[in-house]
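Each chain, letter by letter, is given below.
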Amino acid sequence: MLYSSFKIREMELKNRWIMLAMHTGYAQERALCEREFSFYEARAKGGAAAVTIVLAVNEAGSLKGMHQMKSLALESLHELADRLHQYDCKLIVQLFHCGRNESMKHHREKPLFAPSAVASPIFKSEPLEMDEKELARTKEDFAFAGSLCKMAGVDAIEISASAGYLLSEFLSPITNLRKDSYGYDANKGMTYPLEVIRSVREKVGDLPILLKVSGAQMMDGGYGLEDTIFFCRLASEYIDCVTVTGGWHESPMEQISYHVSKGAYAPFAAAIKKYTDLPVIACNRIHDGETAERLLAENQCDLVGSARAFLSDPQFANRVERKEPFLPCQACNRCIMGVLKGQELACGFNPEAGREDFENKRRKIATRKEVVVVGGGPSGMEAAKKAAERGFVTTLITEERTLGGQFNLAAKPPKKDGLSAYVAYMEETLKNLGVQLVFGQKCSEEFLLTKKPYFTVIATGSQPFRLPIEGAEKAVFANDVLSGKISLPPQSEEGQVVIIGGGSVGLETAAYIKEIDEERKIKIIESQAFFGKDLGALSRPLISNLRAKGVQFMADTTADALEDGKVLISIGGQRFFLQADAVISATGSQACVFAYLTMPLMDERLSYALVGDAEKIGDGADAIKSAYELFTRVYLA
Ligand SMILES: Cc1cc2nc3c(=O)[nH]c(=O)nc-3n(C[C@H](O)[C@H](O)[C@H](O)COP(=O)(O)O)c2cc1C
């Protein structure tokens, strides 16, 4: 069913995959640029039935790096439509107004407008309440933007009314405190969004219109699914399809991270489909063919939308159809966290995303040259991929029996198994590129000097860091627990597992232990005030899950010494012992760079570079990026 066609009004879609709206921040001038063309064209070529781009209806509604419809060079929009049409892919333009959801820092000091002067908890800046003039102007801008899309040969329009952006702010009693006819108390705030939708319809004639809604606000006191259904029923006079996402950016429930199960919010789409008779696009973590086929077969939706599956792999739709491996989205949220901070759209696992124009211009090397990559972790795999793609005869050598390095450990905690799929994808890709993989062999001086490679990439990763305290050797490393090399002793009556270090590794090790042994008592101690700092917003669901399972957290606490069965800790100037069945050290790592590799290379004047943790400690995405960037440097051309 996934690869059968579907019609929205006169728009014939070749399959059911819609690439959803993603603000990119790539806009620099008044016209769409080659970077944007290449980004979207790659996804069209990769099999999406339609690609959605986001354009602001006016300056007040724009985000940093977003084009505004009113000042956009229309011929560039036309060119984009033409470029997508080459692949039988349709162009959908989302008409967007951010409302209060943008940082003032990025809003060029211009005011933000919203139904009422209620600050966003994310961006903090207080918007101005829209007066009659602003309401009328904004409505006109939506309609005018619609007519421009029609002139430019766009195939469909999507009106943004989700996630806490302007039109959805009218629908919520939390953000719409108006007392006039547009207030929440009159028609549940639906009057203004409906007027906007109608005005767009009046301008665009029979061009298909999609409406993007949040199934529910998913906040205490916010609007619910019944309200959204009612809104869509009223809108159905003017629209042709509904794109249904989860809640708002500020909802306390996770929306798109790996904590959300696949297709978890599709029931919202199913309910809207049932009670409106409109076709619906389900979305949020529909990132594989099985989930998509299941939702279609269960009649929960007519089309499946994905933003990030197309970000991580532009060829996603074709690869799913051909049952080929694809680079799976890890739902790590690096993309959305960056965009919400005003950064350009990037993917933690596909460093080429947003650089397709640059990649399209890269040439292969002209003569036969060898590259040796030492290490098979995230940076080693990426380096070998790029080297082989550039035409180098590439060998990857690792002491391990498998590829993946620390990703094999990071995949162990609950919901992280996507990393194993990433490693499998990379292995397949390297084999297809003809990379010679040497497993279970330490890279010796002799190996390097026999090969005398044109370039050596040292991707030897890092080792856990041991705290410089008395008795430190009594602790086991988190990595050894995750790998199964060390099993924990049984739970004693008084004892517990004490994890030293409350960063991502400490928290995820606790989650892993709790998954295999629910009864296990765990205490995590952290010298700083916060836990999971390196996880950003993703720390919230992880910490609340751990708390719900009884894991205890001690902030501002240092481990001063380890003795048999106990840890001496300091907290608030006081010292005492914690009974411990086992102590797990999760206190960071240090680079593994081996002089026996670098010295002979230097002596022979052979070029080399360090990448990943061997160069600078970071997370997996940092490691991948550093390897990718090495191969963008001119001297490797
Ligand atoms: C980086 C990023 C930017 C996004 N920007 C927009 C946007 O401008 N407008 C919009 O309606 N949705 C936006 N979304 C939401 C997506 O369209 C989509 O609804 C959501 O990510 C769920 O799909 P996914 O799980 O396949 O990513 C964005 C999502 C991401 C990850």
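Residues numbered from 1 in each chain as written. Predicted model: local features only at pLDDT ≥ 70, side-chain atom pairs only at ≥ 80, totals over all residues. Heavy atoms only, no water.

(A) Broad picture of the overall build of the protein. The helix and strand tally for the protein stands at 21 helices and 27 strands. Here the C-alpha atoms of the protein give a radius of gyration of 27 Å, agreeing with the 26 Å that 2.2 N^0.38 yields for 637 residues. Based on the C-alpha atoms only, the size of the protein along its principal axes is roughly 75 × 65 × 50 Å. Taking all 637 residues of the protein together, 60% fall into the buried category. Long-range pairs, those at least 24 residues apart, make up 72% of the contacts in the protein with a sequence separation of at least 6. Just so you have it, the protein exposes about 26300 Å², and 50% of that area is on carbon and sulfur atoms. Across the protein, the mean location of the 75 positive side-chain charges is 2 Å away from that of the 83 negative side-chain charges. (Helix = DSSP H or I, 4+ residues; strand = E, 2+ residues; numbered from the N terminus. Rg over C-alpha atoms; globule rule 2.2 N^0.38 Å. Buried < 20%, exposed > 50% of the residue type's maximum accessible area, 1.4 Å probe, protein only. Contact = heavy atoms within 4.5 Å. Areas by Shrake-Rupley, 256 points an atom, 1.4 Å probe, with all protein chains shown as cover. Lys, Arg positive; Asp, Glu negative; His and termini not counted. Charge placed at Lys NZ, Arg CZ, Asp CG, Glu CD.)

(B) Layout of the sheet that holds strand 9 (residues 209–214). An order of 3-4-5-8-9-10-11-12 is seen for the 8 strands of this closed barrel, with the pairing classed as parallel. Across the sheet, the mean angle from the axis of one strand to that of its neighbour is 30 degrees, orientation sign disregarded. Here 4 bridges tie strand 5 (residues 90–96) to strand 8 (residues 156–161), and the two strands are oriented parallel to one another. Along strand 8, the bridge assignment pairs Gln94 with Glu158. Contacting strand 3 (17–19) and strand 4 (50–56), helix 1 (residues 34–45) runs over the sheet at an angle of about 155 degrees to strand 4. (Pairing = 2+ DSSP bridges. Axes fitted to C-alpha atoms, helices over the stretch in contact; angles between N-to-C directions.)

(C) View of the pairing of strand 14 (residues 393–397). Extensive coverage of strand 14 is indicated by the burial of 4 of its 5 residues. Examined bridge by bridge, strand 13 (residues 370–374) and strand 14 share 5 bridges and lie parallel to one another. Along strand 14, the bridge assignment pairs Val373 with Leu396. Each parallel crossover has a hand, and for strand 13 linked through helix 13 (residues 378–389) to strand 14 it is right-handed. As paired elements, strand 14 and strand 15 (residues 436–438) share 3 bridges and run parallel to each other. Residue pairing in the sheet places Thr395 in a bridge with Gln436 of strand 15. (Right-handed = clockwise from strand over helix to strand, strands pointing away.)

(D) Examining helix 15 (residues 418–432) more closely. For helix 15, with 15 residues, the first-to-last C-alpha span of 21 Å sits near the 21 Å given by 1.5 Å per residue. For helix 15, the set of buried residues is Leu419, Tyr422, Val423, Tyr425, Met426, Thr429 and Leu430. Buried residues in helix 15, looked at end-on, bunch into an arc of 160 degrees, giving them a common side. For helix 15, exposure combined with an orientation more than 90 degrees from the buried face picks out Lys431 and Asn432. As for helix 15, its buried residues are in contact with helix 10 (316–321), helix 13, strand 14, helix 14 (407–410), strand 15 and helix 21 (620–630). At the exit of helix 15 stands Gly434, carrying a positive phi of roughly 80 degrees. (Expected span 1.5 Å × (residues − 1). Arc of directions from axis to C-beta.)

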